[in-house]
Amino acid sequence: MSSDAASTVAATVPPVEAPVAQSTEQSSTALATAGDSSSNGNAPFSNLSLYVGELDASVTEAMLYELFKMVGSVASIRVCRDAITRRSLGYAYVNFHNHNDCVTALQTLNYTEIKGRPCRIMWSQRDPSQRKSGSGNIFIKNLDPSIDNKALHDTFAAFGNVLSCKVALGPQGNSLGYGFVHYETREAADQAIANVNGMLLNDIKVFVGHHVGRAERVERTKGQRAQFTNVYVKNLDTEVDDAALNELFSAYGVITSALVQRDDDSKSRGFGFVNFEDHEAARKAVEELHETEFRGQKLFVSRAQKKIERNEELRTQYEQAKLEKLSKYQGVNLYIKNFDEDIDDDKLRQEFAPYGVITSAKVMHNEKGESRGFGFVCFTAPEEANKAITEMNGRILGSKPLYVALAQRRDQRRQQIEATKRQWQTATAPMNAPVYGAPMYYPPGYAPPRGAYPAPRPVRWQGAQPPVPGQFPMPGQYPVPQYPVPANARPARPRNPRQTGGRGYAARGGRGAGYRANPRTAQQVPTQPQDAPLADAPTSDSEQVAVPDVAKVTAAVLAADSEDDKKQILGEALYPCIAAFDDEKAGKITGMLLEMDNSELLNLLEDTSALEEKVNEAIKVLNEVGPEDAE
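Note that this is a predicted model, so its numbers are computed, not measured.

Moving on: the overall build of the protein. Counting secondary structure elements, the protein contains 21 helices and 24 strands. Counting only residues that meet the buried cut, the protein has 39% of its 631 residues in that class. A separation threshold of at least 6 residues defines the contact pool for the protein, and within that pool the share at least 24 residues apart is 66%. Total accessible area on the protein is roughly 35800 Å²; 50% of this is exposed by carbon and sulfur atoms.

Shown next as structure tokens:
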């Protein structure tokens, strides 16, 4: 706020103990007092910890450390992040070694710009009861757009110790014209309201009152809406004017105003408002005139609403209908993909009909009417849907194995994909690298106290969940069990030199560098007959390893094998295909892809473009980690 604004407040506000011009000095004393009181009060640790808010999403602990180390010895810094996306929540906590440094930081760094946004610093309160109680919190509206956090703080610090001060900002960083000031005591808030409410700030009359919580505001608003007197009317004939509208509604009570809305050319816009003197007349008019005909038009008559209230009501209705729809189809709607283009709705329904009563079956098409290769089937009971998943997932329909699973919302799938990608990146990170989104940043040379964080618990790698580094096999170290090769097995056809050379598949013992048996699982490998050739033994040109033919690896072929054997066969079939794209990383990539569902792996063997896409994704992950860390 400009100096003119401060002088305006001083001139218009009745005399108080400290003028606005001395607010900075008084604020400094108040800060020190607040810190001392907190050390003896209900928040024993808040005198060493500061809350830093209004931060840009790109602000990190290191940036804050560079700023706060100028005022004192920093113990630790933590930027709070979302548990799933790891994006910054826009606030952080800074811990100092002594109380005086906290006071200095409050006095000198509050409202300092960080990445183009002024930060807001206040004492950290571990007990949220004072914040949630609303005691001492005031609301100010009709603020001039030029008033920012610091100007608002300087204006209201004259009436007491300010714990927090904030001007509400829009998405573009512009002031929304209102703000909040939280005082340490209720008395200071009452004094600010008594002296500033109705006064001028930058030549604009402001409103100052006690802050009312959202729940209480909603209850008050409901009470006011129940006693409405203003009525909204639409679908009016263009010939209806104010007099005709007044005549229509005058039969239900005394009208204070009736107005038909018109455009710039004075033409009726087809709606208007009628305000009654009392609520009962307005309620009766709505009940009796709604959906009645007037001059050939069916009227819509209801309580008049503000635009924001109307949008909120429509949004609530939409969300409620969405939740009802989701709950109705929860556990009964199936997602089916990977079928031929000639499969239509009737064929899809026919294939799933044996498992229960189908309410709908739909194959999705593009703009040209061509099948997109996936669709949905909805049953009447979850038991029927589960049976269909068990029986149909992986079954060959036409020439491809189906993928069948419960349908998910798009946002759920996106979160699942992001979580899987993040786990992959964590799993392939260097062992000595800091964990992304670590809970606390410590300055150089300062070691965290022992026991500050519990040791991570081992998490078993199940399904598509990546392993924890150092505890379970990494991608590219997937433990594939060996299986014995019959003594009378027919030798495979000779392979090309790249696959049989020093860096080829056979030279690696039948597996890539990362696609190898894990020593931990060696005890679980079944004993092979002595007269049978070992799967990993070196072979001569006349005795080649039996490698599955890609064209012959189908769901029907895998049906009789155990789960471990299925992975082994699929790995043997995938490796030469992957080696065609990247021979050096083929072993690691094969191990990574084997974490996918078997039906998806079969699809990759058939669809070269899909396989290439997966290989490129794996190569990208390995390149980000680096060759040494990926080993």
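Once the structure has been displayed, the description carries forward.
A separate point is the pattern of salt bridges. Going through the model one piece at a time under the given rule, you end up with 13 salt bridges. In this structure, Lys 337 and Glu 600 form a salt bridge, with 3.9 Å as the shortest nitrogen-oxygen distance. With Lys 337 in strand E19 (residues 333–337) and Glu 600 in helix H19 (residues 598–606), the pair connects residues that are 263 residues apart, well separated along the chain. Relative accessible area serves as the criterion here: at 27%, Lys 337 is assigned to the partly exposed category. A salt bridge links Glu 391 to Arg 395, with the shortest nitrogen-to-oxygen separation between them at 3.9 Å. The class of Arg 395 is partly exposed, set by a relative accessible area of 39%. Each of the salt bridges in this network shares a partner with another, and the network as a whole consists of Glu 54, Arg 120 and Lys 166.

This brings us to the sheet that holds strand E13 (residues 230–234). As summarised here, the arrangement of the four strands in space is E14-E15-E13-E18, forming an open sheet in which the pairing is antiparallel. Both edges of this open sheet fall to strand E14 (255–262) and strand E18 (300–303), since each of them pairs with a single strand only. Sheet twist, expressed as the mean angle between neighbouring strand axes with direction ignored, is 20°. Summarising the sheet, E13 and strand E15 (residues 268–276) pair through five bridges and their orientation is antiparallel.

This part covers the sheet that holds strand E3 (residues 88–96). Spatial ordering of the open sheet is given by E2-E3-E1-E6, a layout of four strands whose pairing is antiparallel. Two strands in the sheet have a free side with no partner beyond their single neighbour: strand E2 (74–81) and strand E6 (120–123). Looking at each pair of strands side by side, their axes are set apart by 20° on average, direction ignored. Bridge count for E2 against E3 is six bridges, and the pairing is antiparallel. Residue Val 74 lies in a different strand from E3, and its bridge partner there is Phe 96. Docked against the sheet, helix H3 (residues 61–68) engages strand E1 (49–53), E2, E3 and E6, running at close to 145° with respect to E2. Sitting on the sheet, helix H4 (residues 99–109) touches E1, E3 and E6, and the angle it makes with E6 is about 150°.

The next point concerns the packing of aromatic side chains. All chains considered together, the criterion is met by 17 aromatic pairs. For the pair Tyr 51 and Tyr 93, a centre-to-centre distance of 5.9 Å together with 65° between the ring planes defines the contact as edge-to-face. Taken together, the positions of Tyr 51 in strand E1 and Tyr 93 in strand E3 put the pair 42 residues apart, joining distant regions of the chain. With centroids separated by 5.9 Å and ring planes inclined at 45°, the aromatic side chains of Phe 139 and Tyr 178 adopt a geometry described as tilted. Of this pair, Phe 139 sits in strand E7 (residues 137–141) while Tyr 178 is found in strand E9 (residues 175–183), placing the two residues 39 residues apart along the sequence. Members of the aromatic cluster, each reached through a chain of ring pairs, are Tyr 232, Phe 271, Phe 273 and Phe 300.

By the burial criterion, the buried members of helix H9 (residues 242–249) are Ala 244, Leu 245, Leu 248 and Phe 249. Down the axis of H9, the sector holding all buried residues measures 125°, keeping them to one side. Among the exposed residues of H9, those oriented more than 90 degrees off its buried face are Ala 243 and Glu 247. Summarising the contacts, the buried residues of H9 are in contact with E13, E14, E15, helix H10 (279–289), strand E16 (293–294) and E18.

It is worth spelling out the packing of helix H17 (residues 563–579) against helix H18 (residues 586–593) at this point. Here H17 crosses H18 at 135°, and the two axes come no closer than 9 Å. Considering their axes alone, H17 and H18 lie oblique with respect to each other. Once H17 is placed against H18, the crossing between them reads as right-handed. Contacts between H17 and H18 pair Gly 571, Tyr 575, Ile 578 and Ala 579 from the former with Ala 586, Gly 587, Ile 589, Thr 590 and Leu 593 from the latter. Its residues assigned to classes, the contact of H17 with H18 comprises six nonpolar, three polar and no charged.

Taking 1.5 Å of rise per residue, the 17 residues of H17 would be expected to cover 24 Å, and the 24 Å separating its terminal C-alpha atoms lies within 8% of that figure. Burial analysis of H17 places 13 of its 17 residues in the buried class, the great majority of the element.

A few words on the confidence of the model for the protein. Chain-level pLDDT for the protein is 74 on average; 69% of the residues reach the 70-or-more range. Confidence, expressed as mean pLDDT per element, reaches its minimum in the protein at helix H15 (residues 497–500) with 38 and its maximum at E13 with 94. Contacts of residues 450–547 to residues separated by more than four positions or lying in other chains number 166 contacts, the stretch itself having pLDDT below 50.

Before going further, it helps to spend a moment on the nonpolar core. The biggest cluster of nonpolar side chains holds 26 residues, and the ones touching the most others in it are Val 553, Leu 570, Ile 578, Ile 589, Leu 593 and Leu 601. Within the residue set of this core, elements represented by two or more residues are H17, H18, H19 and helix H20 (608–625). Those residues in contact with Leu 570, other than ones at most four positions away along the chain, are Val 553, Leu 558, Leu 594, Asn 598, Leu 601, Leu 602 and Leu 605.

On to the environment of Gly 213, then. One can find Gly 213 in the loop between strand E12 (207–210) and helix H8 (214–226). In the structure, Gly 213 is positioned 80 residues away from Ser 133 in sequence and 9.2 Å away in space, judged by C-alpha atoms.

A cluster of acidic residues, Glu 341, Asp 342, Asp 344, Asp 346 and Glu 370, forms a negative patch at the surface. Relative to the helices and strands, Glu 370 resides in the loop between strand E20 (358–365) and strand E21 (371–379). Taking the relative accessible area as the measure of exposure, Glu 370 reaches 46% and is therefore partly exposed.

A cluster of basic side chains, namely Arg 372, Arg 410, Arg 413 and Arg 414, defines a positive patch on the protein surface. The leading source of residues in the positive patch is helix H14 (residues 410–427), at three residues. Note on placement: Arg 414 falls in helix H14.

A separate point is the pairing of E15. Looking at chain direction, E14 and E15 are connected through six bridges and run antiparallel. Bridging from a neighbouring strand, Leu 259 pairs with Phe 273 of E15. Here E14 folds back onto E15, and the loop between the two strands holds five residues, one of which, Ser 266, carries a positive phi near 65°.

Bringing the packing of H17 against H19 into the picture now. Between H17 and H19, whose axes approach to 11 Å, the crossing angle comes to 25°. In terms of orientation, H17 lies roughly parallel with respect to H19. Both H17 and H19 take part in a crossing whose hand is left-handed. Facing H17, whose interface residues are Glu 563, Lys 566, Lys 567, Leu 570, Ala 573, Leu 574 and Cys 577, H19 presents Asn 598, Leu 601, Leu 602 and Leu 605.

Reading the values: the criteria
- Residues numbered from 1 in each chain as written.
- Predicted model: local features only at pLDDT ≥ 70, side-chain atom pairs only at ≥ 80, totals over all residues.
- Heavy atoms only, no water.
- Helix = DSSP H or I, 4+ residues; strand = E, 2+ residues; numbered from the N terminus.
- Buried < 20%, exposed > 50% of the residue type's maximum accessible area, 1.4 Å probe, protein only.
- Contact = heavy atoms within 4.5 Å.
- Areas by Shrake-Rupley, 256 points an atom, 1.4 Å probe, with all protein chains shown as cover.
- Salt bridge = Lys/Arg side-chain N within 4 Å of Asp/Glu carboxyl O.
- Pairing = 2+ DSSP bridges.
- Axes fitted to C-alpha atoms, helices over the stretch in contact; angles between N-to-C directions.
- Phe/Tyr/Trp six-rings, centres within 6.5 Å; stacked < 30°, edge-to-face > 60°.
- Arc of directions from axis to C-beta.
- Parallel < 35°, antiparallel > 145°, perpendicular 65-115°, else oblique.
- Left-handed = near helix turned anticlockwise from the far one by under 90°.
- Nonpolar A, V, L, I, M, F, W, Y, C, P; charged D, E, K, R; others polar.
- Expected span 1.5 Å × (residues − 1).
- pLDDT = per-residue confidence, 0-100.
- Core = buried A, V, L, I, M, F, W, Y, C linked by side-chain atoms within 4.5 Å.
- Patch = residues over 30% accessible without salt bridge, like charges linked within 9 Å, V, L, I, M, F, W, Y side chains within 5 Å.
- Lys, Arg positive; Asp, Glu negative; His and termini not counted.
- Charge placed at Lys NZ, Arg CZ, Asp CG, Glu CD.

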